[in-house]
Structure formats: structure tokens, C-alpha cells
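# Reading the structure
Listed below, chain by chain, are the residues.
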Amino acid sequence: MATSAGETEAPQAEFQRARMIRFSDCDPAGIVFYPQYFVMLNGLVEDWVSEGLGIGYHALISERRIGLPTVRLEADFRAVSRMGDRVTLGLAVERLGSRSMTLVLRCFDPASGELRMQVKQVLVTTSLESHRAVEIPQDLRTAILRGAPSPA
Ligand SMILES: CC(C)(COP(=O)(O)OP(=O)(O)OC[C@H]1O[C@@H](n2cnc3c(N)ncnc32)[C@H](O)[C@@H]1OP(=O)(O)O)[C@@H](O)C(=O)NCCC(=O)NCCSC(=O)c1cc(O)c2ccccc2c1O
């Protein structure tokens, strides 16, 4: 729920994308090597900003010079994902601060609902000139508060 101060505490509608687990995601045992989840989820953040929010992610960085570095990352791994699995990646905003946002990102089996892993991630909006925190740009904030889900 958004407050008058522009903060939101309640999880919003989840942005989702289908993803197949590829050979290159896996270790020799044929299961996802854990850093690859972070690569997959970073791609989900890109898709969320560009497609879910309608804010060009690449222009945000390269033209507007706004960075989104991670300052906190907490991960839980609950079940293995195997090469060839078709999973769903989901993203919800748990908190929207003035210069940071807390995302809950997860990977799950859409057929059974089995949770494979989940991450809580805090991103800070920064100036890529100074590498200091800046206010979340108004268009980004407005789009997040709109909270529109996007189909998988
Ligand atoms: C990011 C920092 C420059 C922030 O330091 P600064 O002093 O400017 O800001 P504050 O400390 O006042 O905090 C602002 C805001 O963030 C919240 N916050 C800060 N730290 C934490 C934390 N550990 N946990 C939770 N929340 C935190 C704080 O509460 C404030 O929130 P409000 O909403 O209330 O305003 C500085 O911390 C820094 O440089 N950190 C190192 C970042 C880093 O190197 N991360 C490693 C990965 S880098 C990375 O992933 C990455 C980098 C990029 O440049 C990218 C650019 C573009 C896209 C993606 C990038 C990317 O993924």
C-alpha cells in the first residue's frame, strides 16, 4: 500500500516471466549453479523496468546515468532446478523508499508451485557520475506505484 510519503510496504502484483533452465545455467550435476540464479534475476529486473514499468532500462543507465546497484541481498535456496525445467521468475516490490527499493524475487515451478529459490534484494538509485544515492526518478516511482502486473 502506498503512503502519502510515497513509501510502500505491502507486496504489489508480481511481475512474472517464464524461463527455461539452460545447459549454460547448470553445473556438471545438471542443476542450477547458484550464481546463475542471480544472473537470471538480474535479467528479470531489466525486463521489469523496461517492459513492466515502461521505463527504458538501457536509456536509464546510458543516457540518464542512473545506476541501480545492489546494497543488500538475502537468498534462500529451497529446491533444485534442473536443465530443461520450465520455471517462472517473479518480482514484487516490498518497499519503495526515497532512494532505495526492496524487491522480492523468486524462482518457482509454475505447475506445482514449488519454490526453488527466493531473494530479497535492496537496490539504490545512484548517479553514475558521483556513485552516490539519488532520489528515485519520479517516472520510475510513479510506474512502480501504479504496480501494473505484466503477463508471463
Ligand atoms: C549505493 C551507495 C552509493 C549508497 O550510499 P549513499 O551513502 O549514497 O546512500 P545511503 O547510504 O544514504 O543509502 C541510500 C538508500 O539506500 C538504503 N541502503 C543503503 N545501504 C543499505 C543496505 N545495506 N541495506 C538496506 N538498505 C540500504 C538506505 O536506507 C537509503 O534508503 P532510502 O530509501 O531510505 O533513501 C553505496 O552504498 C555503495 O556504493 N554501495 C556499493 C554498491 C555495490 O558495489 N554493490 C555491489 C554490486 S554493484 C551492482 O550490482 C551494480 C552496479 C551498478 O553501477 C549498476 C548500474 C546500473 C545498473 C545496475 C548496476 C548494478 O547492478
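In what follows, the accompanying structure is described. Since we're looking at a predicted model, the values are computed, not measured.

### A word on the site of the ligand
The environment of the ligand is formed by 20 residues, the closest being Thr70, Ser98, Ser100, Arg132 and Ala133. Contact between the ligand and Thr70: a nitrogen atom at 2.8 Å from a main-chain N or O atom of the residue. At a separation of 2.7 Å, an oxygen atom of the ligand approaches a polar side-chain atom of Arg132. In the complex, 56% of the free accessible area of the ligand, which totals 1,200 Å², lies under the protein chains. Looking at the shell around the ligand, the elements that each hand over two or more residues are α2 (57-62), β3 (70-77) and β6 (115-124). Looking at which element gives the most residues to the shell around the ligand, the answer is β3, with 3 residues. Of the residues belonging to the shell around the ligand, the class tally is 9 nonpolar, 7 polar and 4 charged.

### Regarding unusual backbone geometry
Of note, Arg65 is a non-glycine position whose phi angle comes to about 60°, a positive value. By secondary structure assignment, the location of Arg65 is in the loop between α2 and β2 (66-67). You will see that His131, though not glycine, has its phi angle at about 60°, which is positive. Given the relative accessible area of 55%, His131 is considered exposed.

### Description of the pairing of strand β5 (residues 100-108)
Judged by how many residues are buried, β5 sits mostly within the fold: 8 of 9 residues are covered. Sheet topology places strand β4 (residues 86-96) next to β5; 8 bridges connect them, and they run antiparallel. By the bridge assignment for β5, Ala92 is matched with Val104. Two strands pair when backbone bridges link them, and β5 and β6 are joined in this way by 9 bridges, in the antiparallel orientation. Note that in β6 the partner of Arg106 across the bridge is Gln118.

### Thoughts on the environment of Cys26
Locating Cys26 in the fold gives a position in the loop between β1 (15-20) and α1 (34-52). A relative accessible area of 16% means that Cys26 is categorised as buried. Taking the C-alpha atoms as reference points, Cys26 and Arg82, 56 residues apart in sequence, are found 7.5 Å from one another. For Cys26, the residues in contact, after removing those within four places along its chain, are Ile21, Ile31, Val32, Phe33 and Met83.

Thresholds applied
- Residues numbered from 1 in each chain as written.
- Predicted model: local features only at pLDDT ≥ 70, side-chain atom pairs only at ≥ 80, totals over all residues.
- Heavy atoms only, no water.
- Near = heavy atom within 4 Å.
- Polar contact = N/O pair within 3.5 Å; in protein donor to acceptor, adjacent residues only side chain to side chain.
- Areas by Shrake-Rupley, 256 points an atom, 1.4 Å probe, with all protein chains shown as cover.
- Helix = DSSP H or I, 4+ residues; strand = E, 2+ residues; numbered from the N terminus.
- Nonpolar A, V, L, I, M, F, W, Y, C, P; charged D, E, K, R; others polar.
- Buried < 20%, exposed > 50% of the residue type's maximum accessible area, 1.4 Å probe, protein only.
- Pairing = 2+ DSSP bridges.
- Contact = heavy atoms within 4.5 Å.

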